[in-house]
Amino acid sequence: MHVRLWKKLLVIVLLILIGAIGGLTLFTYQATREAMFGEFHIRGRELAKAIASESMNYYQNQDVEGFTTLLQSLGEAEGVLAILAYTGKTNLWMESSIIELAPSELVLVATPAQLHREAVLLNGMRITEFVRPVPFPFLPQQVGPPETQGWIRVILDRQSLEARLTLVLWRTLGISALTMVMGGGLVFVLLRQSLKVVTPLTKATQQVASGRLNISVPVHSNDELGQLATGFNQMTERLYQTTVSKEYLDSILKSMLDCLVVLDTKGIIQSMNRSAEQLLGFQPDELIGQHIGILFPSTQNLLTPERISQLLKEGSYGHAESCYRTKQGTLVPILFSAATMKEANGTIQGIACLAQDITERKKAQAGLEKANARLKELDQLRSQFFADISHELRTPLTVIRGEAEVTLRGKDKPIIDYKTSLEHIVQLSEEMNKLVSDLLFLARSETGTIQITKTEVDLENLLQDVLQEAAILAQKKHIMITFIDPTASGRIYGDPQRLKQLLLILLDNAIKYSDPNSHVQMRLNVDSQNTTIEIMDQGQGIAEQDLPHIFDRFYRGHRVKDHTQPGAGLGLAIAKWITEAHGGHISFSSRPGEGSTATIRFSQQSLASEIQYETTPHRG
C-alpha cells in the first residue's frame, strides 16, 4: 500500500512530539512528586521531632492540660490528621485527632529503626506515620543515650497529597496534549505548504522517468523548495532540448543510406550507423575500439596514420573510390569521404567517415562498358557485314552481267550458246536468292519474327526424311550417306520444318567439304539426360584457329580461302540459331585432313517440361 510522504512525515513529527512532550511530562511529574513527597516527609519528620522535643517537660511534669493545648494547636496544621502521645508502645497517654481511629489503629507499631511508614486505614484512607521518641531531659551525669519517656506519633494525610499530585499530572497531560495538538497542526500546515512543491515535483519526476520531458512544476515560494522547483524546470527544459536534438540527429543518422563511421583523432572507431552495420555485416561492439584500417584492404587503405595526420590538418578528405572489407571477407566498392568534427572553440572531437556503396554503379558502369564494347563489335560486324554482303552480291551480279554482255556481243550465236548463258544466269540467280533468303532469315531471327511451332517430333522418321533429301545432294560427288543404328528412336519437342532445315544445313556442309567417293555418317543417341545427333564426314577438316569462329556470319575459314566451294558463310549461323531456339547446343570437333563431327544435343529435361506445359490445362 502506498503511503503519502506528508503522512509519513506527520507521523514522524507526531512521534517526536509525543516522545519529547511525554518525556518532559513524565520528568515534570516525577520531579514534582519527589519534591512534594520530599517536602511532605521533611515536614512530617520535623513536626514529629519538634513535638517530641517540646513534650519532654510535659511528659516529666505530667502536664496534661498544657500538652493538650500544644497538641490541639499543632493538630490544626494542614494535612495533620492526628497526634498521639504514648508512654509505652501500647499505653496511649494523649490524643488529638480529626479522624476516627479504630482501637487496633491506636496501637503503636513503629520501632526505633522505623521512624515513619506508609499505611492504609480501615476506612481506606492512605496515611503516613512519623514516630519520634520523647527522651528525658539531658542530665550532666548521664552516660550513654538518654532514656525514653514515651513516643510521639504524627499521622499525616498522604491521600490529599496524592490527589494534588494527580491533579498536577492531569494538568500537565492536558498542557502536553494541547501542545502536541498545536505543534502537530503547525507541522501539518507546514508540511502541506511544502508538499505543494514536493507532490507536483514527484509526479513530474515520474513523467520524466517515463520519457515525457516537456513538463514543468509550479513555483510557490522563494525558499529552498522554490529553488528546487525552479532548478527542476530549468533541468527538464535543457534536457528536453538536448533530447529532441539528439533524437532528431539520431533519426537523421539512422535514415541515412550512406555508411557513417565516427573515429577519434587516432583513427579508432567510436560509433557507426545502421547502414554501416548492414553493409559490413558487423555488430557495433565488434568494430568499436578497432582501427579503421580493419575495414580497408591493405592496398586500398585511405586512412593510414599519415593520411589521418594530414586529414586533421586539412579538415576534410575529398571523394575517393576504394573498398570496404565486410565481415565475410568480401570487398564492397565505395565512394569515400571524411571530415573532422570540431567544437565551438575549434577543438577536434573526431573524424566522420562517409562511404557510399557504389556496387550498383560499378555494375552499371561495367554493363555500359560491355554494351559499348558490344556496340563497337556490332558496328565492326555491321561494317564487315556490309563489306561481305557487297562482295557476295557483287560477285554473282558481275558474273550475270558478264554472261549477258558476252552473249549479246558480236554476231548472232547459236541457240545452244544462249541457252547455256541463260542456264548459268539462272544458277547465279538461285545462289543470290539463297543468299538473300539466309540474310532475311537471320534478320528475322534477331527481330523475333520467326515463328517456331513446336510439336512432339519422332527423330527416327525425321532423320530418314533428311537422309533421302541429302542423298540427292551427295550424288554428284558419289558420297555415301548412312544412318548408324537405324533402329534407334527418340523424341524431341520442336518445329519439324526448322529441325529439318538444321540437319540439311549440316549435311550439306559435310557433303560440300568432303572428298568425292567418301562417306558421311549420321548417328542418334538417346539416354536419360540428353538426345544427341552426330554428323561425321571424311573431308578436309577445320583448322584449330577456325573452330571458335565457324558460327560467325560470313566466316568461311582457311580451308576455303580459295573460294572453290560456293556459299556465303551464313549456314552455320542459322543452324546455331535453330538449335538454341529449341533449347539445344551445337558444337564442332575436327582434325584437319581427317574430317569433322557436328554434334547437336537436346536436354531430355527440357523435353519433359515442354510436354508437361503443353498437356497442362490453362485457364484464361
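Residues numbered from 1 in each chain as written. Predicted model: local features only at pLDDT ≥ 70, side-chain atom pairs only at ≥ 80, totals over all residues. Heavy atoms only, no water.

## Overview of helix 12 (residues 496–512)
- End to end, helix 12 covers 24 Å across 17 residues, agreeing with the expected 24 Å (1.5 Å per residue, within 8%).
- All of the buried residues in helix 12 are Leu-499, Leu-502, Leu-503, Ile-505, Leu-506, Leu-507, Asn-509, Ala-510, Ile-511 and Lys-512. (Helix = DSSP H or I, 4+ residues; strand = E, 2+ residues; numbered from the N terminus. Expected span 1.5 Å × (residues − 1). Buried < 20%, exposed > 50% of the residue type's maximum accessible area, 1.4 Å probe, protein only.)

## Thoughts on the packing of aromatic side chains
- Tallied over the full model, the rule gives 7 aromatic pairs.
- Between Phe-296 and Phe-336, the ring centres sit 5.5 Å apart and the planes meet at 80 degrees, which makes this aromatic pair edge-to-face. Note that Phe-296 is positioned in the loop between helix 7 (284–287) and helix 8 (305–314) and Phe-336 in strand 9 (residues 331–342), a separation of 40 residues in sequence. Comparing Phe-296 with Phe-336, the two get one shared label, buried.
- Put simply, the rings of Tyr-58, Tyr-59, Phe-67 and Trp-93 touch in pairs and so form one group of aromatic residues. (Phe/Tyr/Trp six-rings, centres within 6.5 Å; stacked < 30°, edge-to-face > 60°.)

## Some details on the confidence of the model for the protein
- Overall, the predicted model of the protein reaches an average pLDDT of 78, with 78% of residues at or above 70.
- Looking over the protein, one finds the lowest element-wise mean pLDDT in helix 14 (residues 604–615), namely 52, and the highest in strand 9, namely 89.
- Predicted confidence for residues 611–620 stays below pLDDT 50, and this span has 5 contacts to residues more than four positions away or in other chains. (pLDDT = per-residue confidence, 0-100. Contact = heavy atoms within 4.5 Å.)

## Brief notes about the pairing of strand 8 (residues 316–325)
- Bridge analysis of strand 8 against strand 9 gives 8 bridges, and the strand direction is antiparallel. Within strand 9, the position partnered with Arg-325 by the bridge is Leu-331.
- In textbook terms, the turn of a hairpin is the stretch between consecutive antiparallel strands, and for strand 8 and strand 9 this stretch comprises 5 residues, one of which, Gly-329, has a positive phi near 95 degrees. (Pairing = 2+ DSSP bridges.)

## Section: unusual backbone geometry
- Of note, Gln-62 is a non-glycine position whose phi angle comes to about 55 degrees, a positive value.
- For Gln-62, the position within the fold is in the loop between helix 1 (5–61) and helix 2 (64–75).

## Examining the sheet that holds strand 14 (residues 519–526)
- Spatial ordering of the open sheet is given by 12-14-15-17-16, a layout of 5 strands whose pairing is mixed. Looking at strand neighbours, the two that pair on one side only are strand 12 (480–484) and strand 16 (584–591), the edges of this open sheet. Taking each pair of neighbouring strands and ignoring which way they run, the sheet shows an average axis angle of 15 degrees.
- Sheet analysis places strand 12 next to strand 14, joined by 5 bridges and oriented parallel. If you follow Met-480 over to strand 14, its bridge partner there is His-519.
- Lying over the sheet, helix 11 (residues 459–474) contacts strand 12, strand 14 and strand 15 (530–536), oriented at roughly 170 degrees with respect to strand 12.
- Against the sheet, helix 13 (residues 571–581) contacts strand 16 and strand 17 (595–603), and its axis sits at roughly 140 degrees relative to strand 16. (Axes fitted to C-alpha atoms, helices over the stretch in contact; angles between N-to-C directions.)

## Describing the pairing of strand 17
- With 7 of 9 residues buried, strand 17 is to be regarded as a mostly interior element.
- Taken together, the 7 bridges between strand 15 and strand 17 define a ladder with antiparallel strand orientation. Bridging from a neighbouring strand, Ile-535 pairs with Ala-598 of strand 17.
- Sheet topology note: the strand 16/strand 17 ladder contains 8 bridges and is antiparallel. Bridging from a neighbouring strand, Gly-584 pairs with Phe-602 of strand 17.
- Linking two consecutive strands that pair antiparallel, namely strand 16 and strand 17, is a turn of 3 residues; a positive phi of about 85 degrees is found at Gly-593 within it.

## A word on the pattern of salt bridges
- All chains considered together, the criterion is met by 11 salt bridges.
- Glu-129 is the salt-bridge partner of Arg-117, the closest N and O atoms lying 3.1 Å from each other. With Arg-117 in strand 3 (residues 116–120) and Glu-129 in strand 4 (residues 126–135), this residue pair connects regions lying 12 residues apart in the sequence.
- A salt bridge links Arg-523 to Glu-534; its shortest N-O distance comes to 3.0 Å. Remark: Glu-534 occurs in strand 15 and Arg-523 occurs in strand 14; sequence separation between them is 11 residues. (Salt bridge = Lys/Arg side-chain N within 4 Å of Asp/Glu carboxyl O.)

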